[in-house]
Amino acid sequence: MPDIPAATPRARVRVPLHFPDGYRADAEIVTFHGLTDGREHLAVVLGEPGPVPLVRLHSECLTGDVFGSARCDCGPQLREATERISERGGVLLYLRQEGRGIGLYNKLDAYALQDQGLDTYEANAALGLPEDARDYTAAAQMLRALGVGELDLLSNNPDKAGQLSAHGIAVRDRVPTGVFTTAHNVRYLRAKVLQTRHTLPLPELTAG
């Protein structure tokens, strides 16, 4: 297990959340000192976390989270995670890793290549970029700083669980998210299943 430096909470602030569909939740947002990548990641504490909280590692997606892009399922996953974690008690880590870590401009360049027929991973490779550049060391630091050593992980992505476990965070269970298909994201979701073993039900991935 790699030895990673400790992070510490920097500030905590209460923020009422209000989603476009009317759903509301009360959150405590925590910022940190000492994150290894130097980025401004956030922990969103929801409900009353117990000894084994429900946790989601959500990578920032400007197009999906803010603008409601139908090319991915990020916005619906963020909305779903907020409600499910609020009900159970836990933490949503909002990680500044746009485009699986390649950045916003590169992600949009990859979209242009996808429009020419490449899938999401092939497009990254064509740009000379990693299929997935995300590193969850900072996420493990944040969880440790919040006193979370064991959790249930709300995710379809086995790499998230693997990286957290490698950093000493015990993943008791991996809880799948919902399936949010549109006519524009089915190919993207199928690629995640076939290329990186996301636990989505492949037969259900048809255009919505």
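1. Some words on helix 6 (residues 158-166)
Looking at helix 6, one finds that the buried residues are P158, K160, A161, Q163 and L164. At the N-terminal boundary of helix 6, the capping side chain belongs to N157, with an oxygen 2.9 Å from the backbone nitrogen of D159. Once helix 6 ends, the next one or two residues include G168, with phi positive near 90°.

2. Remarks on helix 5 (residues 137-145)
With seven of nine residues buried, helix 5 lies mostly within the body of the structure. Residues T137, A138, A139, A140, Q141, M142 and L143 constitute the buried set of helix 5. Looking at the buried side of helix 5, the elements it contacts are strand 2 (24-33), strand 3 (42-46), strand 4 (54-59), strand 5 (90-95), strand 6 (150-154) and helix 6. Positive backbone phi, at 80°, marks G147, one or two positions downstream of helix 5.

3. Points about the packing of aromatic side chains
In the structure shown here, the tally under the stated rule is one aromatic pair. With 6.2 Å between their ring centres and 45° between their planes, F19 and Y23 make a pair best called tilted. Exposure class is identical for F19 and Y23. Each is buried. Over the ring of Y111 we find R71; its NZ or CZ atom is 4.2 Å from the centre of that ring. The residue whose ring lies beneath R79 is F19, and the NZ or CZ to ring-centre distance is 5.9 Å.

4. Digging into the environment of A43
Secondary-structure assignment places A43 in strand 3. Not counting the four nearest positions on each side in its chain, A43 is found in contact with E28, I29, V30, F32, V91, L92, L93, M142 and L146.

5. A short note on the side chain of D152
In this structure, D152 sits in strand 6. Separated by 2.6 Å, the side chains of D152 and R88 make a polar contact. Reaching out from D152, the side chain makes a polar contact with the side chain of R172 at a distance of 2.8 Å. Filtering out sequence-adjacent residues up to four positions away, D152 remains in contact with V52, P53, L54, V55, R88, R172, D173 and V175.

6. Examining the pairing of strand 2
Among the ten residues that make up strand 2, seven are buried, leaving the element largely enclosed by the rest of the structure. Of the strand pairs in this sheet, strand 1 (residues 8-18) and strand 2 are connected by ten bridges, and their pairing is antiparallel. Residue pairing for strand 2: V13 is matched across the bridge by I29. Where strand 1 folds back on strand 2, the antiparallel hairpin that results is connected by five residues, among which G22 adopts a positive phi of roughly 100°. Bridge count for strand 2 against strand 3 is four bridges, and the pairing is antiparallel. Within strand 3, the residue paired with I29 across the bridge is V44.

7. Side note on a nonpolar patch on the surface
Among the surface-exposed residues, L62, V66 and F67 lie close enough to one another that they form a single nonpolar patch of about 310 Å² accessible area. Mapped onto the elements of the fold, F67 is located in the loop between helix 1 (62-66) and helix 2 (74-88).

8. Re the nonpolar core
One broad rule of soluble globular proteins: the nonpolar side chains tend to lie buried together. In this structure, L57, L93, L143, L151 and L164 are the most contacted members of the largest nonpolar core, which totals 24 residues. Among the secondary structure elements, those contributing two or more residues to this core are strand 2, strand 3, strand 4, strand 5, helix 5, strand 6 and helix 6. Ranked by residues supplied to this core, first place goes to helix 5 with five residues. Not counting residues within four places of it along the chain, the set of residues in contact with L151 comprises V52, P53, V55, L143, L164, I169, A170, V171, R172 and D173. Residues A25, A81, L154 and V175 belong to the second largest nonpolar core, which totals 16 residues.

Cut-offs and rules
- Residues numbered from 1 in each chain as written.
- Predicted model: local features only at pLDDT ≥ 70, side-chain atom pairs only at ≥ 80, totals over all residues.
- Heavy atoms only, no water.
- Buried < 20%, exposed > 50% of the residue type's maximum accessible area, 1.4 Å probe, protein only.
- Helix = DSSP H or I, 4+ residues; strand = E, 2+ residues; numbered from the N terminus.
- Polar contact = N/O pair within 3.5 Å; in protein donor to acceptor, adjacent residues only side chain to side chain.
- Contact = heavy atoms within 4.5 Å.
- Phe/Tyr/Trp six-rings, centres within 6.5 Å; stacked < 30°, edge-to-face > 60°.
- Lys NZ or Arg CZ within 6 Å of the ring centre and 35° of its normal.
- Pairing = 2+ DSSP bridges.
- Patch = residues over 30% accessible without salt bridge, like charges linked within 9 Å, V, L, I, M, F, W, Y side chains within 5 Å.
- Areas by Shrake-Rupley, 256 points an atom, 1.4 Å probe, with all protein chains shown as cover.
- Salt bridge = Lys/Arg side-chain N within 4 Å of Asp/Glu carboxyl O.
- Core = buried A, V, L, I, M, F, W, Y, C linked by side-chain atoms within 4.5 Å.

Without other data, these values stay purely geometric and don't point to any function.
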